[in-house]
Amino acid sequence: MGPIEVDQVLRVADDGARVRDQAVELGASVVRNHPQATSIALDLQRHPALQHLVQQLVDILAQLRRGDLHIRTLAHLVRTCAPKPARISSTLVVDLSGRVALIGGASGGVGSVVATVLAECGADVALGCHNHPGPAEQVADQARKLGRQASLRRVDAAILEDAQRWANEVIAEHGHIDLLANCIGWPGKFELFKDQSPDTWHSALNAQLWPCINLSYAVLQHMLERGSGRMITLASDGAKLGTSGVAVATAAIGGQVAFYKSLARELARTGITVNAVCIGPTEGPILDKLLGQGDTGAKIVEAMVRGIPMKRLGKPREIANMFAFLASDEAAFITGQAISVSGGLTMY
């Protein structure tokens with residue numbers, strides 16, 4: 001039944017004197033007006049949920065003809081069968097079955113969701129984190145419940161030897177690596193450059209730039225030997241626009257983007273694609289930390305939202321969906337891009 005027929009039946013259901021005759025006639029009319037009913041019925045075996053719904057409707061009509069369906073029961077059943085508003089599925093329709101994803105920063109606010117979505121799409125996940133393994137452990141448990149293989153290592157990817165050791169362990173355990181998803185982020189605070197201590201600059205570079213370079217190098221030879229692979233790094237629109245309060249970290253992110261554009265050119269004929277996902281202000285621990293800095297932090301977040309054409313913060317799953325797409329075969333002709341997922345904050 002479409003929305004019009006459902007509304008008609010509901011109106012009839014409110015008039016007990018005529019409900020049976022009119023509802024029976026309405027059901028017969030619906031059948032008469034669908035010449036493809038036979039072919040649809042032949043497809044029902046492939047759609048158990050649809051088969052169940054149609055059986056419900058048939059049972060309703062049978063009870064109406066017998067005259068033993070109570071008016072309130074009819075109204076409830078019709079409302080149950082009414083079309084529901086469309087909504088975005090929580091699981092992206094991307095098939096990554098048989099792929100192995102090495103995910104750095106898997107305990108982060110975005111990284112943990114990226115790992116979850118990749119597992120939902122069928123990938124086995126090798127999770128890495130430097131500190132606070134709790135969120136990554138939860139992702140690993142969830143992935144295993146989905147029937148995926150999952151491993152977790154504590155890694156300092158700012159050190160090349162650690163990154164290489166981890167990659168070799170993943171290859172030994174899982175057999176291969178198809179995807180590098182670098183989601184390692186900056187744990188510092190928002191502070192104007194003039195007020196920053198030079199001691200913080202190295203930590204920003206270590207968090208934002210070196211892990212991207214080291215992990216890419218650690219998986220590169222393996223991917224070259226296989227003749228395929230995906231490298232994706234989590235960057236930000238700050239690399240395109242600049243961001244007050246995080247000047248050095250933004251410089252590191254800009255370095256990621258430039259590095260990946262250069263690497264994409266070098267690898268364009270190898271079957272390996274290299275892309276950056278540039279996010280804008282996004283819900284998660286970093287913004288929570290900023291909001292925890294009092295009125296100043298709240299004003300900064302308000303200003304961020306005002307600058308977004310969609311006038312809202314991003315959601316980690318929206319970022320993760322882009323990772324999943326870029327990891328898929330459907331994105332095989334996309335490389336060297338810094339793709340913004342930021343509600344229109346940048347449009348180039």
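Above this text is the structure in question.
From a predicted model like this one, the values you see are computed outputs, not experimental measurements. (Residues numbered from 1 in each chain as written. Predicted model: local features only at pLDDT ≥ 70, side-chain atom pairs only at ≥ 80, totals over all residues. Heavy atoms only, no water.)

Caption draft 1: How the structure looks around the overall build of the protein. Along its length, the protein carries 15 helices and seven strands. A total of 348 residues make up the protein; the buried ones form 43% of that total. A total of about 18,600 Å² of accessible surface is found on the protein, and carbon and sulfur atoms cover 56% of it. (Helix = DSSP H or I, 4+ residues; strand = E, 2+ residues; numbered from the N terminus. Buried < 20%, exposed > 50% of the residue type's maximum accessible area, 1.4 Å probe, protein only. Areas by Shrake-Rupley, 256 points an atom, 1.4 Å probe, with all protein chains shown as cover.)

Caption draft 2: How the structure looks around the nonpolar core. Counting residues in each nonpolar core, the largest one holds 37 residues, and the members touching the most others are Ile103, Val114, Leu118, Leu127, Val277, Ile319 and Phe323. Elements with a minimum of two residues in this core: strand 1 (100-104), helix 6 (111-120), strand 2 (124-129), helix 7 (134-145), strand 4 (179-182), strand 5 (229-236), strand 6 (272-279) and helix 15 (316-327). Among the elements that line this core, the one with the most residues is helix 15, at seven residues. Residue contacts for Phe323: discarding those within four places in its chain leaves Val114, Ala181, Cys183, Ile232, Thr233, Leu234 and Val277. In this structure, Val155, Trp166, Val219 and Tyr260 belong to the second largest nonpolar core, which totals 25 residues. (Core = buried A, V, L, I, M, F, W, Y, C linked by side-chain atoms within 4.5 Å. Contact = heavy atoms within 4.5 Å.)

Caption draft 3: Inspection of the side chain of Gln196 at higher detail. With respect to the helices, strands and loops of the structure, Gln196 is situated in the loop between strand 4 and helix 9 (199-208). When its relative accessible area of 14% is taken as the criterion, Gln196 is described as buried. Among the polar contacts listed, one links the side chain of Gln196 to the side chain of Trp201, at a separation of 3.2 Å. Apart from the residues lying within four places of it in its own chain, the contact partners of Gln196 are Glu191, Trp201, Gly245, Ala247 and Val248. (Polar contact = N/O pair within 3.5 Å; in protein donor to acceptor, adjacent residues only side chain to side chain.)

Caption draft 4: Main features of the pairing of strand 1. Counting buried residues in strand 1 gives five out of five residues, a clear majority hidden from the surface. Pairing of strand 1 with strand 2 involves five bridges; the strand directions are parallel. Residue pairing for strand 2: Leu102 is matched across the bridge by Ala126. Read as a crossover between parallel neighbours, the route from strand 1 over helix 6 to strand 2 is right-handed. Both strand 1 and strand 4 contribute to a ladder of four bridges, which runs parallel. (Pairing = 2+ DSSP bridges. Right-handed = clockwise from strand over helix to strand, strands pointing away.)

Caption draft 5: Representation of the packing of helix 9 against helix 10 (residues 210-226) in the model. At their nearest, the axes of helix 9 and helix 10 sit 4 Å apart, and the two run at 35° to each other. For the pair helix 9 and helix 10, the contacting residues are Leu205, Asn206, Ala207 and Gln208 in the first and Trp210, Pro211 and Cys212 in the second. (Axes fitted to C-alpha atoms, helices over the stretch in contact; angles between N-to-C directions.)

Caption draft 6: Just the sheet that holds strand 6, in detail. In spatial order, the strands read 3-2-1-4-5-6-7; together these seven strands make up an open sheet with parallel pairing. A strand with exactly one partner marks an edge of an open sheet, and here the two such strands are strand 3 (150-154) and strand 7 (338-341). Strand-to-strand twist across the sheet, computed as the mean angle between neighbouring axes with direction ignored, equals 20°. Here strand 6 pairs with strand 7 via four bridges, running parallel.

Caption draft 7: Structural context of helix 15. Between its first and last C-alpha, helix 15 extends 17 Å over 12 residues, near the 16 Å set by a 1.5 Å rise per residue. In this fold, the buried residues of helix 15 make contact with helix 6, strand 4, strand 5, strand 6 and strand 7. (Expected span 1.5 Å × (residues − 1).)

Caption draft 8: Local environment of the packing of aromatic side chains. Scanning the model with the defined rule gives two aromatic pairs in all. Here Phe193 and Trp201 contribute two aromatic rings whose centre-to-centre distance is 5.4 Å and whose plane-to-plane angle is 15°, an arrangement assigned as stacked. By relative accessible area, which is 46% here, Phe193 ends up partly exposed. An angle of 45° between the planes, with centres 5.6 Å apart, marks the rings of Phe259 and Tyr260 as tilted. (Phe/Tyr/Trp six-rings, centres within 6.5 Å; stacked < 30°, edge-to-face > 60°.)

Caption draft 9: Here's a closer look at unusual backbone geometry. Positive phi values are uncommon outside glycine, yet His132 reaches one of about 55°. Relative to the helices and strands, His132 is located in the loop between strand 2 and helix 7. The residue Lys311 is not glycine, and still its phi comes out positive at about 60°. For Lys311, a relative accessible area of 52% translates into the label exposed.

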